[in-house]
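Commentary on secondary and tertiary structure
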Amino acid sequence: MLKIVSSLSVSPLALGLYTVNAVYGDTITMPCRLEVPDGLMFGKWKYEMPNGSPVFIAFRSSTKKNVQYDDVPDYKDRLSLSENYTLSIKNARISDEKRFVCMLVTEDDVSEEPTIVKVFKQPSQPEILHQADFVETEKLQMLGECVARDSYPEGNVTWYKNGRVLQPMEEVVVINSQKIVDKSTGLFTVTSSLQYMPTKEDANAKFSCIVTYYGPSGQKTIQSEPVVFDVHYPTEKVTIQVLSQSTTVKEGDNITLKCSGNGNPPPQEFLFYIPGEAEGIRSSDTYIMTDVRRNATGEYKCSLTDKSMMDSTTITVHYLDLQLTPSGEVTKQIGEALPVSCTISSSRNATVFWIKDNTRMQTSPSFSSLQYQDAGNYICETTLQEVEGLKKRKTLKLIVEGKPQIKMTKKTNTNKMSKTIVCHVEGFPKPAVQWTVTGSGSIINKARTTSLTITTEETKYVNGKFSSKIVIAPEENVTLTCIAENQLERTVTSLNVSAISIPEYDEPEDRNDDNSEKVNDQAKLIVGIVVGLLLAALVAGVVYWLYVKKSKTASKHVDKDLGNIEENKKLEENNHKSET
């Protein structure tokens, strides 16, 4: 709503008259535009009746400085006359629109100066009343009345649609206006009614009215709040929709079909045509199907109840089946074969992958000869990437059992103070390992002898394999026995160990499977060297045998010659003794 800032303005009129423009309810201030003459006796104010007769309202003496106000009911307690003879009227009314005259009186003359008072009242913000609940297309109907109250002078009402002026048009736009004056205040109330023939395009149109009025500073306007009318029009098109949180439908989902018409108000009932149903199903604008299966795939339709204006849509119910053979918990023996298959049936191409012990596998599992490392939890999982939430998985818990297998190794440690004997064990369930000394029958961990110092250590059990290692410092030759036992069998293996004074490197410790090829190459090299040494030793033996045989023959001749020499020597000695 617009507000007047200045409450008073003065404008010159023809014939030298001045007009004071005042706002209704404010104070009117009228200066006396006469120069105060010498010998002034008093000043007076009067106003003129429509017939020209004067009515005196205020008197002020120049000598006694007293002010007197005449007994005029319309101005009782509203007047104020200042020393410079300016007249003020409080609470301006419409009835104050008069010709007022300032009079200055001397003994010889009376001077007068008239002032015209104009009063303006801004109307209240216009309102659109008696609004139609709804309007129908192709019919001329009353939309409402624009009312602007308490203005002076009266305002002028103009209707707008979407910000553009509505011009009267026969049978399309009909505008009628009227004004009413409040006799007690003199204020106007202006009413303008609008009859209008709407179209479908007016469904969201904004209608408003503007009142134009005059104030002390000129022409102004006030606009009403816009109003949107409910425009009714018939349905021209039917649309069917699938309401779903996802863009695709899968088995187990709920499907909500919604049928709508573009009329206003929209249709409340429809016929739904479902695959497999011969007749349409009468329902509200929605039809719900719960826990749908793959056989619900097909074309769905809806129409108005009179079977006119039909629309259709196609729904595909996606599915995904997975069959894992074998599945669940399966126990097999080491070395056995196990065929595994994961079969998929789906509405679209599915993605299949395998997981073993929470790690994704690069290829599908295949077991021609089961090993301990093949044991674990296998998951075959498949998804339809285009269908949110459609995922299937099945599990296989594979257990690979085997009887205990033992291999023992020994070597002298680098410090020459102890020897390490390792019992390499394979088997599942994990075998329990015991060590004993031949003849004592006791467990090594519990045995304590003065001639044997022992410490033991066991590695982590991985893929059905682990090692039990002992470090000993035997003072004499001993025999160690490793016993491995699980639910399937008890296996015993013994190993002779020399005293600590005799070094032993004849048995290497267990090697990792990753180095098996290197170990095989080294074994082949060692075998080759051993065979070469044996051949060399054989040749040396033959040569040595020939040498020994030849040497024995030569020795016989030498001994014979030596014997003759000795004999001659003894004869000479004997002869010498005889001569003496």
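In this text, all values refer to a predicted model and were calculated from it rather than measured experimentally.

So, the overall build of the protein
Along the protein, the regular secondary structure elements total one helix and 43 strands. For the protein, the proportion of its 580 residues judged to be buried stands at 36%. Total accessible area on the protein stands at roughly 35000 Å², and carbon and sulfur atoms take up 50% of it.

Some remarks on the nonpolar core
It is characteristic of soluble globular proteins that their nonpolar side chains tend to be buried jointly. In this structure, I28, M30, W45, I57, L87 and F100 are the most contacted members of the largest nonpolar core, which totals 29 residues. Those elements giving two or more residues to this core turn out to be β2 (18–23), β3 (28–30), β4 (42–48), β5 (54–61), β7 (79–81), β8 (87–89), β9 (99–105) and β10 (110–120). Formed by 23 residues, the second largest nonpolar core is a distinct cluster that contains V173, V190, F207 and F229.

Looking at the sheet that holds β7
Strand order across the open sheet formed by three strands is β3-β8-β7, with antiparallel pairing between neighbours. Here the strands that pair on one side only, and so sit at the sheet edges, are β3 and β7. Direction aside, neighbouring strands of the sheet carry axes that sit 15° apart on average.

As for the sheet that holds strand β13 (residues 141–151)
With respect to topology, four strands assemble into an open sheet ordered β11-β13-β17-β16, the strand pairing being antiparallel. Single-partner strands in this sheet number two, and they are β11 (127–129) and β16 (173–181). With strand direction ignored, the average angle separating the axes of adjacent strands in the sheet is 25°. Both β11 and β13 contribute to a ladder of three bridges, which runs antiparallel. Residue pairing across strands places E127 opposite V147, the latter belonging to β13.

Details of the side chain of T481
Note that T481 resides in strand β42 (residues 478–485). On the accessibility criterion, T481 (8% relative accessible area) is buried. A polar atom in the side chain of T481 sits 2.8 Å from the side chain of S494. Ignoring any residue separated from it by four or fewer positions in sequence, one finds T481 in contact with Q434, W435, T436, T438, V492, T493 and S494.

Structural notes on the pattern of salt bridges
Oppositely charged side chains can pair when the atoms bearing their charge come close. Considering all chains together, one arrives at 23 salt bridges under this definition. Notably, a salt bridge pairs R293 with D291, separated by 2.7 Å at the nearest N-O pair. Residue classification places R293 among the partly exposed residues on the basis of a relative accessible area of 38%. Close ionic contact of E458 with K430 constitutes a salt bridge, the shortest N to O distance being 3.2 Å. Linking E458 in strand β40 (residues 454–458) with K430 in the loop between β38 (419–428) and β39 (432–437), this pair joins segments that are 28 residues apart in sequence.

Re a nonpolar patch on the surface
A cluster of nonpolar residues, L535, L538, V542, W545 and L546, forms a patch on the protein surface that exposes about 530 Å² of accessible area. With respect to the helices, strands and loops of the structure, L538 is situated in helix α1 (residues 516–579).

Notes on the packing of aromatic side chains
The relative placement of two aromatic rings is captured by the distance of their centres and the angle of their planes. One pass over the full model with this rule turns up 10 aromatic pairs. Relative to F59, the ring of F42 has its centre 5.0 Å away and its plane inclined at 45°; by these criteria the two rings are tilted. Residue F42 is located in strand β4, and its partner F59 is located in strand β5; the two are separated by 17 residues in the primary sequence. Where Y196 meets F207, the ring centres are 5.3 Å apart and the plane angle is 70°; that geometry is what we call edge-to-face. With Y196 in strand β17 (residues 188–196) and F207 in strand β18 (residues 206–215), the pair connects residues that are 11 residues apart, well separated along the chain. Taken individually, Y196 and F207 each receive the classification buried, so the pair is uniform in this respect. The structure contains a cluster of three or more aromatic residues connected by ring pairs, namely Y47, Y75 and F100. Its guanidinium or amino end placed over the ring of Y47, K98 lies 5.0 Å from that ring's centre, counting from NZ or CZ.

Some details on the side chain of S193
You can see S193 is positioned in strand β17. By relative accessible area, S193 is classed as buried at 11%. Look past the residues within four positions of S193 in its chain and what remains in contact with it is M142, G144, E145, W159, V174, I175 and N176.

So, the state of the cysteines
If you walk through the whole model with that rule in mind, you get five disulfides. The disulfide partner of C342 is C380, and the gap between their sulfur atoms is 1.9 Å. In this structure the cystine formed by C342 and C380 twists about its S-S bond by roughly -90°; its chirality is therefore left-handed. In this pair, C342 sits in strand β33 (residues 341–346) while C380 sits in strand β36 (residues 376–383), placing the two residues 38 residues apart along the sequence.

A look at unusual backbone geometry
Geometrically, the link from T325 to P326 is a cis peptide bond, its omega value of -10° lying close to zero. Mapping P326 onto the fold places it in the loop between β31 (320–325) and β32 (328–333). Omega for the bond connecting F428 with P429 falls within 30 degrees of zero, at 0°, which places this linkage in the cis form. Here the phi dihedral of D77 falls at roughly 60°; this positive angle occurs in a residue that is not glycine. In this fold, D77 is placed in the loop between β6 (67–69) and β7. Phi at D150 takes a positive value of approximately 55°, unusual for a residue other than glycine. Checked against the element boundaries, D150 lands in strand β13.

A closer look at the confidence of the model for the protein
Chain-level statistics for the protein give a pLDDT mean of 84 and a share of 84% at 70 or above. Within the model, the stretch residues 509–523 combines pLDDT values under 50 with 10 contacts to residues more than four positions away or in other chains. Taken together, the stretch residues 553–572 has pLDDT below 50 and engages in zero contacts with residues farther than four places along the chain or on a different chain.

Overview of the environment of I421
With respect to the secondary-structure elements, I421 resides in strand β38. Contact partners of I421, with chain neighbours within four places excluded, come to M408, T409, K410, W435, S468, K469, I470, I472, L480, L495 and V497.

Some details on the environment of N486
Within the secondary structure layout, N486 lies in the loop between β42 and β43 (490–497). Taking the C-alpha atoms as reference, N486 lies 6.1 Å from P429; in sequence the two are 57 residues apart. Those residues within four positions of N486 in sequence are excluded, and the remaining contacts are G402, K403, P404, G427, F428, P429, K430 and P431. A polar contact is formed between the side chain of N486 and the backbone nitrogen of L488, at a distance of 2.9 Å.

Criteria and cut-off values
- Throughout this document, residue positions are counted from 1 along each chain, in the order its sequence is written.
- Given that this is a predicted model, residues contribute local features only at a pLDDT of at least 70 and side-chain atom pairs are listed and counted only at 80 or more, while totals for whole chains, interfaces and linings are drawn from all residues.
- The basis for the side-chain values is all heavy atoms of the structure; hydrogens and waters are excluded.
- Elements are defined by DSSP. Helices are runs of H or I of four residues or more, strands are runs of E of two residues or more, and each kind is numbered from the N terminus.
- Exposure is judged per residue with a 1.4 Å probe applied to protein chains only, and the accessible area is read against the type maximum: over 50% gives exposed, under 20% gives buried, and values in between give partly exposed.
- Methods summary: accessible areas were calculated by the Shrake-Rupley approach with a probe of 1.4 Å, and residue burial reflects only the protein chains presented.
- Among the buried residues, those of types Ala, Val, Leu, Ile, Met, Phe, Trp, Tyr and Cys that are joined through side-chain atoms within 4.5 Å form a nonpolar core.
- If DSSP finds at least two bridges between two strands, the strands pair.
- Note on geometry: axes are lines fitted to C-alpha atoms, helical ones only across the stretch in contact, with angles between N-to-C directions running from 0 to 180 degrees.
- A 3.5 Å cut-off defines polar contacts: any pair of N or O atoms within that distance qualifies, except that in protein one atom must be a possible hydrogen donor and the other a possible acceptor, and neighbouring residues in sequence count only when both atoms are side-chain atoms.
- Note on contacts: a residue pair is in contact if any heavy atoms of the two residues lie within 4.5 Å.
- Any carboxyl oxygen of Asp or Glu within 4 Å of a side-chain nitrogen of Lys or Arg constitutes a salt bridge here.
- By definition, no residue in a patch forms a salt bridge, and every one has over 30% relative accessible area; like charges are joined within 9 Å, nonpolar side chains (Val, Leu, Ile, Met, Phe, Trp, Tyr) within 5 Å.
- Only the six-membered ring of Trp is used, alongside the rings of Phe and Tyr, when aromatic pairs are assigned; centres must lie within 6.5 Å, and planes under 30 degrees apart are stacked while those over 60 apart are edge-to-face, with the rest tilted.
- Charge-over-ring contacts are defined here by two conditions on Lys NZ or Arg CZ: a distance within 6 Å of the ring centre and an angle within 35 degrees of the ring normal.
- Note on terminology: pairs of cysteine sulfur atoms within 2.5 Å are recorded as disulfides.
- Confidence per residue, as judged by the predictor, is encoded in pLDDT with a range of 0 to 100.

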